[in-house]
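# Reading the structure
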Amino acid sequence: MRRFASRHKFPLHFCVLLFLFSFLTPRIAANSRRASPGNYAAAQTPAQLPPDREIPPLVTNTPEQAKTEQYTLSHEKYEKAVAYSRADYTLYFVSYILGGIFLFLILRLGIAARFRDIAESASQTRWIQGLVFVPLLLLLVDALDLPVRLYWHQLSLHYDQSVQGWGSWFWDWTKEELISIVIAIVFVLILFAVMRYNPRRWWLYFWPPAVLILLVIVVIMPLVIDPLFNKFEPLSNQHPDLVASIGKLTSRAGVPIPPERMFLELASQKTNAINAYVTGIGASKRVVIWDTLIQKTSNDEVLFVVGHELGHYVLGHVVKGFLAGAAALLVALYLLFRGLHWALDRWGHEWKISGAEDWASLAVFLLLLQVLLFFSSPAINWFSRMDEHAADVYGLEVTHGLIPNSSEVAAHAFQALGELDLSDPNPPPFITFWLYSHPPVAERLVFAHTYDPWSKGQKPKYVQ
């Protein structure tokens, strides 16, 4: 799983609609490598490159094991991590640039206007026109984006991050297209109906149904969408002892998560990465643990990861993220309203677009969304990094006393993450500022190793 894409990598047109809600389901940093120095005590500590030795086996967690004080990689893995990360950063920015160029050309060459003409010739009924126009435009956008997606997957295969074959990958891509087009049609039909109803206030009137639809998507995603891409089963089926240990952890946290809300994701069929996450809202809320995490780390390390996820529950990150996302979405819609009218006043005649209610204006809308998403990424990721750091603190505190040498366990979990995920040993400051949704692994590891308010006579921040 890569750093700079959603878990299923929905096509751009769906992702940009959801970007302000991307932090509604915070992920454990057991997977993500994006980050910034943040508040970490070890923000300036780089990863270490030993001259001739490999790091300890990942599943080893014995009293004899050397302390995991810094993120350490072998020569070979160090070079691979740097090369992989640099390629990933480059591809991220290239994908945005190409996406913007493609949308501009669709407008400049009159392709969007041509699709509108096709839709209007198919029927005089507006909603039928939408059923024709939206798939035409979005399939073209995704077809143009496909080479980048293919190269991204090839990159993950080359660096042994993915084990998913091309047939399975294309089948996932096809399912993504179908799901995202259905969702996009619903959004666009409502959006253009509101535009026609009130051309000057559509940004305000569209906001409530947009929030409601996004809330429904967040609720049903674990129940309906996620199982289309990965296999899940109750965690208790294969790991009843782990479920019992997690039960003790949730009791201490005061968060009742019944065993039926704990799931094992069979991620090893597609990836070598390790991960766990909280997803869903209300009845669909659950903790999901990848089978790779259990296979490649110790049970105590898995419990720290779960403690981190409990932090997202207890600290209200889902609710906080939803409220912040809803407010930010309103601001984004207003900016899109202003930007859409500015662009059409300036180039509408050249693009053969008569106004905002013209179906072809959807291409302008998508282009503006892409620009807005790109330049808002640092703010969104800063928000996410704060939550992830707080969840790290909570995970360390809730496991203290329940897991022997819990700080070392957490530090070694980050070491395992970094090696398996080929985390960048020393990401450039600009990259951490712009791209990382989690603090860098090197910083998190050192923080976990040094965080010890108990020995200093201080009160823990969250778990007393």
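Throughout what follows, the structure given in this document is the object of discussion. (Residues numbered from 1 in each chain as written. Predicted model: local features only at pLDDT ≥ 70, side-chain atom pairs only at ≥ 80, totals over all residues. Heavy atoms only, no water.)

## Here we look at the overall build of the protein
Across its full length, the protein holds 16 helices and four strands. Across the 464 residues that make up the protein, the buried fraction comes to 58%. (Helix = DSSP H or I, 4+ residues; strand = E, 2+ residues; numbered from the N terminus. Buried < 20%, exposed > 50% of the residue type's maximum accessible area, 1.4 Å probe, protein only.)

## Some remarks on the pattern of salt bridges
By the definition in use, this model includes 10 salt bridges. Note that Asp160 is salt-bridged to Lys80, the shortest N-O span being 3.8 Å. Linking Asp160 in the loop between helix H4 (126-158) and helix H5 (166-197) with Lys80 in helix H2 (residues 75-108), this pair joins segments that are 80 residues apart in sequence. By relative accessible area, Asp160 is classed as partly exposed at 45%. Lys80 sits in the partly exposed class, given a relative accessible area of 24%. Each of the salt bridges in this network shares a partner with another, and the network as a whole consists of Arg116, Asp117 and Asp358. (Salt bridge = Lys/Arg side-chain N within 4 Å of Asp/Glu carboxyl O.)

## Concerning the nonpolar core
Counting residues in hydrophobic clusters, the biggest one holds 54 residues, and the most contacted among them are Leu137, Trp202 and Leu362. Listed by contribution, the elements that provide at least two residues to this core are H2, helix H3 (111-122), H4, H5, helix H6 (202-205), helix H7 (207-225), helix H12 (317-351) and helix H13 (361-399). Counting residues per element, this core draws most heavily on H5, which supplies 11 residues. When residues no more than four places from it in sequence are discounted, the contact partners of Trp202 are Leu191, Val194, Met195, Leu333, Leu336, Phe337, Leu340, His341 and Phe365. One finds Val306, Leu396, Ala413 and Phe447 within the second-largest nonpolar core, a separate group that totals 53 residues. (Core = buried A, V, L, I, M, F, W, Y, C linked by side-chain atoms within 4.5 Å. Contact = heavy atoms within 4.5 Å.)

## Observations concerning the packing of helix H9 (residues 240-253) against helix H11 (residues 299-314)
The interhelical angle for the contact between H9 and H11, taken along N-to-C directions, is 40°, at an axis separation of 10 Å. On the basis of the axis angle, H9 is oblique to H11. The chirality of how H9 crosses H11 is right-handed. For the pair H9 and H11, contact is made by Leu242, Ser245, Ile246, Leu249, Thr250 and Ala253 and by Asn299, Val302, Leu303, Val306, Gly307, Leu310 and Val314, respectively. Residue composition of the contact of H9 with H11, by class: nine nonpolar, four polar and no charged. (Axes fitted to C-alpha atoms, helices over the stretch in contact; angles between N-to-C directions. Parallel < 35°, antiparallel > 145°, perpendicular 65-115°, else oblique. Left-handed = near helix turned anticlockwise from the far one by under 90°. Nonpolar A, V, L, I, M, F, W, Y, C, P; charged D, E, K, R; others polar.)

## Here we look at the sheet that holds strand E1 (residues 232-234)
One open sheet accounts for four strands, arranged E1-E2-E4-E3; its pairing is mixed. Only two strands of the sheet have a single neighbouring strand rather than two, namely E1 and strand E3 (276-279). Looking at each pair of strands side by side, their axes are set apart by 30° on average, direction ignored. Across four bridges, strand E2 (residues 262-265) lies against strand E4 (residues 286-290) in parallel orientation. Its bridge partner being in E4, Leu264 is matched across the sheet by Ile289. Across the sheet, H11 touches E3 and E4, and the angle it forms with E3 is around 25°. (Pairing = 2+ DSSP bridges.)

## A few points about the pairing of E3
The two faces of the sheet receive side chains in turn, since in a regular strand these alternate between them. The side-chain alternation of E3 yields two buried faces, one formed by Ala276 and Val278 and the other by Tyr277 and Thr279. In textbook terms, the turn of a hairpin is the stretch between consecutive antiparallel strands, and for E3 and E4 this stretch comprises six residues, one of which, Gly280, has a positive phi near 85°.

## Observations regarding the environment of Leu73
Counting through the fold element by element, Leu73 comes out in the loop between helix H1 (12-18) and H2. Judged by relative accessible area, Leu73 falls into the buried class, the value being 2%. The spacing of Leu73 and Glu419 is 346 residues in sequence and 6.9 Å in space, taken between C-alpha atoms.

## A short note on the packing of aromatic side chains
The final tally for this structure, using the stated rule, is 29 aromatic pairs. Ring plane angle 85° and centroid distance 5.2 Å describe the contact between Trp342 and Trp347, whose orientation is recorded as edge-to-face. A residue is classified by how much of its surface remains accessible, and Trp347, at 27% relative accessible area, is partly exposed. Consider the rings of Tyr451 and Trp454, whose centres lie 6.0 Å apart with planes at 80°: the pair is edge-to-face. Residue classification places Trp454 among the partly exposed positions, given a relative accessible area of 26%. The aromatic ring of Phe229 is capped on one face by Lys175, whose charged end is 5.2 Å from the ring centroid. (Phe/Tyr/Trp six-rings, centres within 6.5 Å; stacked < 30°, edge-to-face > 60°. Lys NZ or Arg CZ within 6 Å of the ring centre and 35° of its normal.)

Worth remembering: the numbers are spatial, not functional.
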